[in-house]
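Coordinates in review
Chain residues, written in single-letter form:
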Amino acid sequence: MRPLTEEETRVMFEKIAKYIGENLQLLVDRPDGTYCFRLHNDRVYYVSEKIMKLAANISGDKLVSLGTCFGKFTKTHKFRLHVTALDYLAPYAKYKVWIKPGAEQSFLYGNHVLKSGLGRITENTSQYQGVVVYSMADIPLGFGVAAKSTQDCRKVDPMAIVVFHQADIGEYVRHEETLT
Amino acid sequence: MGRKLDPTKKEKRGPGRKARKQKGAETELVRFLPAVSDENSKRLSSRARKRAAKRRLGSAEALKTNKSPEAKPLPGKLPKGAVQTAGKKGPQSLFNAARGKKRPAPSSDEEEEEEDSEEDGMVNHGDLWGSEDDADMVDDYGADSGNSEDEEDGEELLPIERAARKQKAREAAAGIQWSEEETEDEEEEKEVTPESGPLKEEEEDGGLQINVDEEPFVLPPAGETEQDAQAPDLQRVHRRIQDIVGILRDFGAQREEGRSRSEYLNRLKKDLATYYSYGDFLLGKLMDLFPLSELVEFLEANEVPRPVTLRTNTLKTRRRDLAQALINRGVNLDPLGKWSKTGLVVYDSSVPIGATPEYLAGHYMLQGASSMLPVMALAPQEHERILDMCCAPGGKTSYMAQLMKNTGVILANDANAERLKSVVGNLHRLGVTNTVISHYDGRQFPKVVGGFDRVLLDAPCSGTGVISKDPAVKTNKDEKDILRCAHLQKELLLSAIDSVNATSKTGGYLVYCTCSITVEENEWVVDYALKKRNVRLVPTGLDFGQEGFTRFRERRFHPSLRSTRRFYPHTHNMDGFFIAKFKKFSNSIPQSQTDGVLLCRSGWTAVVQSQLIATSTFQVQAILVPTPK
């Protein structure tokens, strides 16, 4: 377990900022205590300082997880967000997509969101903008990337993809063993 | 140019294959239902039904005219409609009637319906078959009408089946009655046992069984038990279990002369082992644990699964909202009980309850009712440091986090790396952020980190309380396994106690729980810890459950074990569980072995003499032996 290097921090923040923009500031400066990012086994954990101190007592090979896992660095030093970060992305998300109840199932199985399943979308979402996907009951289901801007979404045919799938909460069941 | 549509030559197109409407379920259902129920209505053609009615009428007539019961009623007595049904049928039936029952087989008549021909054949056949029946039933009209109906029912039955049916009827007449409850109870077993075998056996010892109420049950001789071992007849075994339990309840009056209680008990033990397929060892343990009537209830409860329960994740939602969302998905549920504000019990569900979007979003956790109790007993407070020593799969850990509102810190530890994966998944899914997950052997604990405000030890155990979940426990445990578990539990419990900080302002508590019901893994372990460390038992704060044992066979435990709680499948409809809550009152460890023993002894004598409660005995100890700091 160690703090992130400059480079790692930059890569990770760039990635997170795609979804929550300047709200990233709120993650770093929190009123309820100091929170920090820690790297352990190539994974980035977002954790309160108090909890981190307890975890410091535990040797590296015996430590499995602490706080919330945000994602992992790949071997090529890119950052990949995990669905476990959804709890922090969803409240701060700037661009959202709501999908119809009929399309929920499909999205939770790892498929892209089609125009036919699109319920609502935030105004003036640009193409390739990171979006958080909600159900119509406002339950965050995952996140992805807008394949079309809001304007284009109105014109395309119903079978066109409007949001590329990146992560969804179905992974808790599908990929339980790779979450950390 | 292509072909042109010629309206005159237009082929008539009906609805396509796919357009054909599927028949409703009621038509399909008939194929699956046993044919017995609708034999009469379905198999008989309208004519045959009319004829049957006539025959009934005819037999009434026959009473007056004293005719042969098998004979067809005369056409003159037929109602109009029946005669007019078919032009060709009329003369035929007239002809048949004229010839009486010795009419020829109707194969000559091609217009005759198949059912008719079959039935006619039947009658003929019946004549050949049951000539002696005729002989002894000439005057007996009531029996005869029943007999003829039987024949109608059995139109397509083989002769052997009809013979069996007759035999059954005779048995019924002889007065062999099947007890309703027993047949219901044994339905499962009946399916297992071959159809023909038990019937004969029942017949043979039927005399013994009918008279169970009047005559005392006779314990079978030793020779028969050997024979039983090869091919046990579960119905008989079950009945015998009931009989023996009944006798043992009122042993003085009902026992057979010259038989001792132990003989009955041995027989009962063997029978229970056969019937519920338990190993001898575990069954012996259970017999020591429960009174007999309760034992059977317990074994019976282990055969049925416990209800599916779930716990609302109050970090993300409220119970009412969750219940509403699940009801909308077609789940039938109810609040779990007065004691839980977050539990829901699921009766049935049209969707998989472990894969709804609500589940994936972490709004609830599937958790047995009994697993919520230890956390409620532990009662974690906000901003505390808590250790969960054996946390997988994270149900109790997440419950603690939700009670603490994600404040403080929980160290979730488990020795099994495989099972830790589910802990990581569950905690992240439920939005628990205040945990550190580690992979130590719990026995290393005070060395790694100590000084926790509260510790929950859900110790690994033999699982004798969750037999309904894992029936393998019935046979694969023996004395050694239990003792090995108990030994590990003692080590873990001491480690856990040492990890607690007695001087904590809010805490200093430890909850020990197992999903086992054996005394070795529960009271014994707790009693051991009471002797070894400066802890005392405190009430668990759960207002139901049975008290722990203070005396069990040759063992005598500390009187304060009354404040521990036991939960059983048959009394509380949750998994078998044991919960003990300790309060640690000093961080010092009673050091040297000899001192420890002396100290224990003095403690014990004090208890015996003055019946002091746990607190005061240990205070006495502290005064007697000033513990080195």
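For clarity, every value in this text was computed on a predicted model and none was experimentally measured.

Cut-offs and rules
- Residues numbered from 1 in each chain as written.
- Chains lettered and ligands numbered in written order.
- Predicted model: local features only at pLDDT ≥ 70, side-chain atom pairs only at ≥ 80, totals over all residues.
- Heavy atoms only, no water.
- Helix = DSSP H or I, 4+ residues; strand = E, 2+ residues; numbered from the N terminus.
- Buried < 20%, exposed > 50% of the residue type's maximum accessible area, 1.4 Å probe, protein only.
- Areas by Shrake-Rupley, 256 points an atom, 1.4 Å probe, with all protein chains shown as cover.
- Arc of directions from axis to C-beta.
- Contact = heavy atoms within 4.5 Å.
- Buried area = accessible area lost by both parts, 1.4 Å probe.
- Salt bridge = Lys/Arg side-chain N within 4 Å of Asp/Glu carboxyl O.
- Polar contact = N/O pair within 3.5 Å; in protein donor to acceptor, adjacent residues only side chain to side chain.
- Pairing = 2+ DSSP bridges.
- Axes fitted to C-alpha atoms, helices over the stretch in contact; angles between N-to-C directions.
- Phe/Tyr/Trp six-rings, centres within 6.5 Å; stacked < 30°, edge-to-face > 60°.
- Core = buried A, V, L, I, M, F, W, Y, C linked by side-chain atoms within 4.5 Å.
- pLDDT = per-residue confidence, 0-100.
- UniProt positions renumbered as here; feature names shortened; annotations may be inferred.

Section: the overall build of chain B
Assigned secondary structure in chain B consists of 30 helices and 15 strands. Residues counted as buried form 46% of the 629 residues belonging to chain B. Of the roughly 33300 Å² of accessible surface on chain B, 52% is carried by carbon and sulfur atoms.

Notes on helix α5 (residues 101-108) of chain A
All names here are of chain A. What α5 keeps buried is the set Ala103, Glu104, Phe107 and Leu108. One side of α5 carries all its buried residues, which in axial view fall inside an arc of 135°. Looking one or two residues beyond α5, the residue adopting positive phi is Gly110, at roughly 100°.

Notes on unusual backbone geometry
The residue after Ala392 of chain B, namely Pro393 of chain B, is reached through a cis peptide bond having omega 0°. If you check the backbone angles, Asn41 of chain A has positive phi at about 55° while not being a glycine. Note on placement: Asn41 of chain A falls in the loop between β2 (35-40) and β3 (43-48). Given the relative accessible area of 54%, Asn41 of chain A is considered exposed. A positive phi angle, near 70°, is found at Asp42 of chain A, a position not held by glycine. The topology assignment puts Asp42 of chain A in the loop between β2 and β3. Classification of Asp42 of chain A as partly exposed rests on a relative accessible area of 38%.

Thoughts on helix α18 (residues 292-301) of chain B
All names here are of chain B. Within the span of α18, buried status applies to Glu294, Leu295, Phe298, Leu299 and Ala301. All buried residues of α18 fall inside an arc of 160° around its axis, so they share one side. Lining the buried residues of α18 we find α16 (261-276), α17 (280-289), β11 (546-547) and α28 (569-572).

A short note on the interface of chain B and chain A
Tallying the contact residues gives 32 residues for chain B and 29 residues for chain A. Buried surface at the junction of chain B and chain A, summed over both partners, amounts to about 2600 Å²; 67% is from carbon and sulfur atoms. In this assembly, chain B and chain A are joined by two salt bridges. Glu104 of chain A is the partner of Arg329 of chain B in a salt bridge, and the nearest nitrogen-oxygen pair spans 3.5 Å. Our count for the contact surface shared by chain B and chain A stands at eight residue pairs in polar contact (both at pLDDT 80 or more). At the level of secondary structure, the elements contributing two or more residues to the side of chain B that touches chain A comprise α20 (357-360), β6 (409-413), α23 (417-429) and β7 (435-438) of chain B. With seven residues, α23 of chain B is the largest single contributor of residues to the side of chain B that touches chain A.

Concerning the sheet that holds strand β3 (residues 340-349) of chain B
Residues and elements named next belong to chain B. Reading across from one edge, β2-β3-β1-β4 is the order of the four strands in this open sheet, with antiparallel pairing throughout. Here the strands that pair on one side only, and so sit at the sheet edges, are β2 (331-337) and β4 (364-366). Across the sheet, the mean angle separating the axes of adjacent strands is 35° when strand polarity is ignored. Bridge count between strand β1 (residues 308-312) and β4: three bridges; the pairing is antiparallel. By the bridge assignment for β4, Arg311 is matched with Met365.

Focus: the packing of aromatic side chains
All names here are of chain B. Using the criterion set out here, one finds 20 aromatic pairs over all chains in the structure. Taking 4.9 Å as the distance between ring centres and 70° as the angle between the ring planes, the aromatic pair formed by Phe290 and Tyr568 counts as edge-to-face. Of this pair, Phe290 sits in the loop between α17 and α18 while Tyr568 sits in the loop between β14 (565-567) and α28; the two residues are 278 residues apart in sequence, bridging distant segments of the chain. We classify Phe290 as buried; its relative accessible area is 5%. With a relative accessible area of 2%, Tyr568 lands in the buried category. Taken together, a centroid distance of 5.4 Å and an interplanar angle of 70° make the contact between Phe544 and Phe567 edge-to-face. A residue pair is termed long-range when its members are at least 10 positions apart, and Phe544 in the loop between β10 (535-538) and β11 and Phe567 in strand β14 qualify at 23 residues. A residue is classified by how much of its surface remains accessible, and Phe567, at 0% relative accessible area, is buried.

Description of the sheet that holds β3 of chain A
Residues and elements named next belong to chain A. Reading across the sheet, the five strands line up as β1-β2-β3-β5-β6 and stay open at both edges, with antiparallel pairing between neighbours. Looking at strand neighbours, the two that pair on one side only are β1 (2-3) and β6 (79-81), the edges of this open sheet. As paired elements, β3 and strand β5 (residues 68-73) share four bridges and run antiparallel to each other. Across the sheet, residue Tyr45 finds its bridge partner in β5, namely Cys69. Together, β1, β2, β3, β5 and β6 form the strand contacts of helix α1 (residues 6-20), whose direction differs from that of β6 by roughly 35°.

A word on the nonpolar core
Val436, Tyr512 and Phe582 of chain B are the most contacted members of the largest nonpolar core, which has 76 residues in total. Element by element, the count of residues in this core is highest for helix α14 (residues 234-249) of chain B, at seven residues. When residues no more than four places from it in sequence are discounted, the contact partners of Phe582 of chain B are Leu493, Gly508, Tyr509, Leu510, Tyr512, Val526, Ala529, Leu530, Val535, Arg536, Leu537 and Val538 of chain B. Counting residues in each nonpolar core, the second largest holds 62 residues, with Leu4 and Leu39 of chain A together with Val346 and Leu360 of chain B among its members.

Here's the deal with the confidence of the model for chain B
Residue and element names in this part refer to chain B. Residues with a pLDDT of 70 or more make up 58% of chain B, whose mean pLDDT is 74. With pLDDT under 50 throughout, residues 64-155 is counted as low confidence; its partners more than four residues away or in other chains account for 101 contacts. Considering only residues more than four positions removed or in separate chains, one finds that residues 594-629, a stretch of pLDDT under 50, has 33 contacts. The ipTM for the predicted assembly is 0.96, set against a pTM of 0.69.

Notes on the pairing of β2 of chain A
The two faces of the sheet receive side chains in turn, since in a regular strand these alternate between them. Residues and elements named next belong to chain A. When you tally the buried positions in β2, you get six out of six residues, the bulk of the element. Neither face of β2 is exposed, since Tyr35, Phe37 and Leu39 on one face and Cys36, Arg38 and His40 on the opposite face are all buried. The pairing of β1 with β2 spans two bridges and is antiparallel. Opposite Arg2, over in β2, you have Leu39 as the bridge partner. As judged from the six bridges shared by β2 and β3, these two strands associate in the antiparallel manner. From the neighbouring strand, Cys36 faces β3, where its bridge partner is Val47.

Section: the UniProt feature "binding site: S-adenosyl-L-methionine" (unreviewed entry) in chain B
Residues and elements named next belong to chain B. Under the UniProt annotation, "binding site: S-adenosyl-L-methionine" (unreviewed entry) lies at Cys390, Cys391, Ala392, Pro393, Gly394, Gly395, Lys396, Asp414, Asp441 and Asp458. For Pro393, the position within the fold is in the loop between β5 (385-388) and α22 (395-403). Its relative accessible area of 43% is what places Pro393 among the partly exposed residues. Mapped onto the secondary structure, Asp414 falls in the loop between β6 and α23. Take Asp414: its relative accessible area is 8%, and that puts it in the buried class. Setting aside residues no more than four positions away along its own chain, Asp414 makes contact with Met389, Cys390, Cys391, Ala392, Leu420, Ser438, His439 and Tyr440. In this structure the side chain of Asp414 is engaged in a polar contact, spanning 3.0 Å, whose partner is the backbone nitrogen of Asn416.

A closer look at the pairing of β6 of chain B
All names here are of chain B. Burial runs high along β6: five of the five residues are buried. Burial along β6 is two-sided: the face carrying Val409, Leu411 and Asn413 and the face carrying Ile410 and Ala412 are both buried. Taken together, the four bridges between β5 and β6 define a ladder with parallel strand orientation. Looking at the pairing, Ile386 lines up with Ile410 of β6.

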